[in-house]
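Commentary on secondary and tertiary structure
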Amino acid sequence: MSITYKDAAGIEGMRVAGRLAAEVLDYLTPHIKPGVTTREIDRLAAECMKQQGSVSATLGYQPAGYPPYPASLCTSVNHVVCHGIPNDKPLKKGDIVNVDVTVIKDGWFGDTSRMFMVGEVSIAARRLVNVTFEAMWHGIMRVKPGVHLGDIGYAIQKFAESHGFSVVREFCGHGIGRNFHEEPQVLHYGKPGTLDELKPGMTFTIEPMINAGRRDVKEFGNDGWTIVTKDHSLSAQWEHTVLVTETGYEVMTLSPGCPPPPPFVNA
């Protein structure tokens, strides 16, 4: 599959889908607290999507070699790196959880995820969540025509590792549009000036997975989806979908409840 470049109509379709995905996370935010189960979070998300007129891209999603994904979103708690399946275990005070939402609206896909801190969390957990958020934005800020994907990965890796954290290699961002996963792959590590050159009309996700300990990961259990840190250390992830514009970037997954960019972005 080659990289697809969106025209004005495609960009507008992506804006709508991205905003709706972010608004699902807005809807969920007040419910993510001690005692709620991730299955209940999933149910609420499905309810929100129904009200929007969007549908979940993950429910029943089945890439080659995987079982069908059984939920409307992913909930990755503590040492779960990604693709955590909602279940009946209540969240407890001190947990951190990534909620990853992808919706389809009028054939266009919108993909975003946020970290949530459940009640009071440890200083170490809060630091990991905040550094991961800032790492994502360091990657986003590199986006403009003529830059290479390796520049994005390098910016994220350099920032995360400067804080003593490690970057997961096995999973990456991806092109997105009328398909959930398109070219290019967007690595969250790398060398400046390498990989594909960015051009206007490209849309892709930037979604670094950052571990407090070593970067190694493994499959957990036999559900075919859940990925955890090998050393059981905490992991965090944030995700936005971005558009390469003529002069820079546009974040397509913003909403009223979205955490604002770090101060250094506007500076």
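The sections below set out a description of the structure shown in this document. What you see is a predicted model, and the numbers here were worked out from it, not measured in a lab. Sequence order sets the numbering: in each chain, residues are counted from 1 along the sequence as written. With the structure being a predicted model, the display of local features is reserved for residues of pLDDT at least 70 and the display and counting of side-chain atom pairs for 80 or more, all residues being used for whole-chain, interface and lining totals. Remark: hydrogens and water are excluded; side-chain values derive from all non-hydrogen atoms of the structure.

**As for the overall build of the protein chain**
Stated formally: In DSSP terms, a helix is any run of H or I states spanning at least four residues, a strand is any run of E spanning at least two, and both are numbered starting from the N terminus. Atoms counted for the radius of gyration: C-alpha only. Globule rule: 2.2 Å times residue count to the power 0.38. Note on contacts: a residue pair is in contact if any heavy atoms of the two residues lie within 4.5 Å. To measure how exposed things are, a 1.4 Å probe is used in the Shrake-Rupley method; for residues, cover is taken only from the protein chains shown. Under the counting rule used here, the positive set is Lys and Arg, the negative set is Asp and Glu, and His together with the chain ends is not counted. Note on charges: their place is set at NZ of Lys, CZ of Arg, CG of Asp or CD of Glu.
For the protein chain, the count of helices and strands is 5 helices and 15 strands. Whereas a compact globule of 267 residues would reach a radius of gyration of roughly 18 Å, the protein chain reaches 17 Å, a difference of no more than 12%. Along the longest, intermediate and shortest principal axes, the C-alpha atoms of the protein chain span 45 × 45 × 40 Å. Looking at the protein chain alone, contacts between residues at least 24 apart form 71% of all its contacts between residues at least 6 apart. If you sum the accessible surface of the protein chain, you get close to 11,500 Å²; carbon and sulfur atoms cover 54% of it. For the protein chain, the centre of its 25 positive side-chain charges and the centre of its 29 negative side-chain charges are spaced 5 Å apart.

**Points about the pairing of strand 8 (residues 182-186)**
Here is the rule we go by: We call two strands paired when DSSP finds no fewer than two bridges between them.
The sheet contact formed by strand 7 (residues 173-175) and strand 8 spans 3 bridges and is antiparallel. Bridge assignment links G173 to a residue of strand 8, and that residue is V186. Hairpin geometry of strand 7 and strand 8 is characterised by an intervening segment of 6 residues between the two adjacent antiparallel strands.

**Some remarks on the sheet that holds strand 11 (residues 217-219)**
How we decide: Axis lines are fitted to C-alpha atoms, over the contacting stretch for helices. Their N-to-C directions set the angle, which ranges from 0 to 180 degrees.
Spatial ordering of the open sheet is given by 3-12-11, a layout of 3 strands whose pairing is antiparallel. Either end of the sheet is taken by a strand with one partner, and the two such strands are strand 3 (80-82) and strand 11. Sheet twist, expressed as the average angle between the axes of neighbouring strands with direction ignored, equals 45°. Across 3 bridges, the pairing between strand 11 and strand 12 (residues 227-229) is antiparallel. Opposite K218, over in strand 12, you have V228 as the bridge partner.

**Some remarks on the sheet that holds strand 13 (residues 235-237)**
The sheet built from 3 strands is open, its strands ordered 6-10-13 with antiparallel pairing. At either margin of the open sheet sits one strand with a lone partner, and together these are strand 6 (166-167) and strand 13. As judged from the 2 bridges shared by strand 6 and strand 10 (residues 209-211), these two strands associate in the antiparallel manner. If you follow V167 over to strand 10, its bridge partner there is I210. Helix 3 (residues 123-140) contacts strand 10 and strand 13 of the sheet and is inclined by roughly 35° relative to strand 13.

**A look at the pattern of salt bridges**
This is how it is decided: For this document, the term salt bridge refers to a Lys or Arg side-chain nitrogen within 4 Å of an Asp or Glu carboxyl oxygen. Accessible area is worked out with a 1.4 Å probe on protein chains only. A residue is then buried under 20% of its type maximum, exposed over 50%, and partly exposed in between.
Taken as a whole, this structure holds 10 salt bridges when the rule is applied. Across the pair K6 and E182 runs a salt bridge whose closest N-O atoms are separated by 3.2 Å. On the criterion of sequence distance, the pair formed by K6 in the segment before helix 1 (8-28) and E182 in strand 8 is long-range, its members being 176 residues apart. Classification of K6 by relative accessible area gives buried; the value is 10%. The class for E182 is buried, based on a relative accessible area of 6%. A salt bridge links R39 to D88; the nearest nitrogen and oxygen atoms lie 2.7 Å apart. Placement of R39 in helix 2 (residues 38-52) and of D88 in the loop between strand 3 and strand 4 (96-105) is noted, with a sequence separation of 49 residues between them. Residues joined in a network through salt bridges with shared partners are E12, R15 and E250.

**A closer look at the pairing of strand 5 (residues 108-117)**
Counting buried positions along strand 5 yields 9 of 10 residues, so the element is predominantly enclosed. Hairpin remark: strand 4 followed by strand 5, antiparallel, with 2 residues in the connecting loop; positive phi at D106, about 55°.

**Describing helix 1**
Because each turn of an α-helix spans 3.6 residues, side chains separated by three or four positions in sequence point in the same direction. Operational definition: Residue count minus one, scaled by 1.5 Å, sets the expected span of a helix. N or O atoms within 3.5 Å of each other form a polar contact, as long as, within protein, one can give a hydrogen and the other can take it, and as long as residues adjacent in sequence are counted only when both atoms are side-chain atoms.
Helix length check: helix 1 (21 residues) gives 31 Å between terminal C-alpha atoms against 30 Å at 1.5 Å per residue, within 8%. N-capping of helix 1 is provided by D7, with a side-chain oxygen placed 3.3 Å from the backbone N of A9.

**Structural notes on the nonpolar core**
Filter applied, for reference: In this text, buried Ala, Val, Leu, Ile, Met, Phe, Trp, Tyr and Cys residues form a nonpolar core when linked through side-chain atoms within 4.5 Å.
One finds V143, I152, L198, F204 and I206 to be the most contacted residues of the largest nonpolar core, which totals 33 residues. Looking at this core, the elements that each hand over two or more residues are helix 3, helix 4 (149-162), strand 9 (203-206) and strand 14 (240-244). When residues of this core are assigned to their parent elements, the largest contribution, 9 residues, is made by helix 3. If near-sequence neighbours (up to four positions away) are discounted, I152 is found in contact with G139, R142, V143, L198, F204 and I206. Counting residues in each nonpolar core, the second largest holds 21 residues, with L91, V97, V99 and V103 among its members.

**Things to note about the packing of helix 1 against helix 2**
Packed helices, taken two at a time, are described by the angle between their axes plus the distance between the axes. For clarity, the threshold we go by: Here the word oblique covers every angle except those under 35 degrees (roughly parallel), over 145 (roughly antiparallel) and from 65 to 115 (roughly perpendicular). Here is the rule for handedness: rotate from the far helix to the near one, and if that takes an anticlockwise turn smaller than a right angle the crossing is left-handed, while a clockwise turn gives right-handed. Polarity classes work like this: nonpolar for Ala, Val, Leu, Ile, Met, Phe, Trp, Tyr, Cys and Pro, charged for Asp, Glu, Lys and Arg, and polar for all others, with Gly in that last group.
At a minimum axis distance of 9 Å, the contact between helix 1 and helix 2 shows a crossing angle of 130°. In terms of axis orientation, helix 1 runs oblique to helix 2. Read as a crossing pair, helix 1 and helix 2 show a hand that is right-handed. Judged by residue contacts, L20, E23, V24, Y27 and L28 of helix 1 engage I41, L44, A45, E47, C48, M49, Q51 and Q52 from helix 2. For the contact of helix 1 with helix 2, the per-class residue count stands at 9 nonpolar, 2 polar and 2 charged.

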